[in-house]
Amino acid sequence: MRKVAIIGLSSLESLAVRNILEEHRHIIPDNFADFSDIETNLDDYDRFIVSSDQTLAHLDFFLPKKSRVIVIASTSGLQSGTFQTIGRNTDLTDIISIFDTLLDNGNDDEKNGELTTREIEVLKELVSGITVKEIADRLCISSSTVITHRKNISAKLGIRSVSGLSLYAVMHGIV
């Protein structure tokens, strides 16, 4: 069973989320006032429902886990290309569908946006500015394998440009 943490929502929002999860999925989530309350127990949870301000304040934690995070936006119309977002105007049917997607996603690294060790190696080389052929030579793999790793990295992170990948690598201490 999935362990779900609700972080930084108002009492009313937390109650609504809790009721939906209990009623439709028989999951009882744990509620935390903010990120600091859960920080020592992060490994106990595999799914997160988080306020937009807590998400932004701890983007370095939530971004790599984006497929396991739902952002609850306090303002209507907030859209995110990175995270699943529920806003003030979201219909209950859509909310249930978003929760189902969150809870049904696989837990393996290939699907949840977390990079494998080899992908991190390729990312380090990509952001150093060398060519695909040079990366292939350094890592003793073929150029097509490097290209495949780059496609997988981009798909997992939702970042297409080398400059965006560089920023990600710096933010996460990879380079």
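Residues numbered from 1 in each chain as written. Predicted model: local features only at pLDDT ≥ 70, side-chain atom pairs only at ≥ 80, totals over all residues. Heavy atoms only, no water.

Side note on the nonpolar core
Residues I38, F48, F62, L123, I153 and Y168 are the most contacted members of the largest nonpolar core, which totals 33 residues. If you tally residues by element for this core, the top one is helix α6 (residues 117-127), at four residues. Non-local contacts of I153, meaning those with residues more than four positions away in its chain, are made with L115, E119, V122, L123, L126 and L165. (Core = buried A, V, L, I, M, F, W, Y, C linked by side-chain atoms within 4.5 Å. Buried < 20%, exposed > 50% of the residue type's maximum accessible area, 1.4 Å probe, protein only. Helix = DSSP H or I, 4+ residues; strand = E, 2+ residues; numbered from the N terminus. Contact = heavy atoms within 4.5 Å.)

Considering helix α1 (residues 11-25)
Compared with the 21 Å implied by 1.5 Å per residue over 15 residues, the 21 Å span of α1 between its first and last C-alpha is a close match. Among the residues of α1, S14, V17, I20 and L21 are the ones counted as buried. Looking straight down α1, one finds its buried side chains confined to an arc of 135°; they lie on one side. Residues of α1 that are exposed and angled more than 90 degrees away from the buried face: S11, L12 and E23. Tucked into the core, α1 has its buried residues touching β1 (4-7), β2 (30-32), β3 (47-51) and α5 (92-104). One or two positions beyond α1, positive phi appears at H26, with a value near 55°. (Expected span 1.5 Å × (residues − 1). Arc of directions from axis to C-beta.)

Considerations on the packing of α6 against helix α8 (residues 143-157)
Relative to each other, α6 and α8 sit at 100°, their axes nearing to 10 Å. Comparing their axes, α8 and α6 come out roughly perpendicular. Contacts between α6 and α8 involve R118, E119, V122, L123 and L126 from the former and V146, H149, R150, N152, I153 and K156 from the latter. Considered class by class, the residues forming the contact of α6 with α8 number five nonpolar, two polar and four charged. (Axes fitted to C-alpha atoms, helices over the stretch in contact; angles between N-to-C directions. Parallel < 35°, antiparallel > 145°, perpendicular 65-115°, else oblique. Nonpolar A, V, L, I, M, F, W, Y, C, P; charged D, E, K, R; others polar.)

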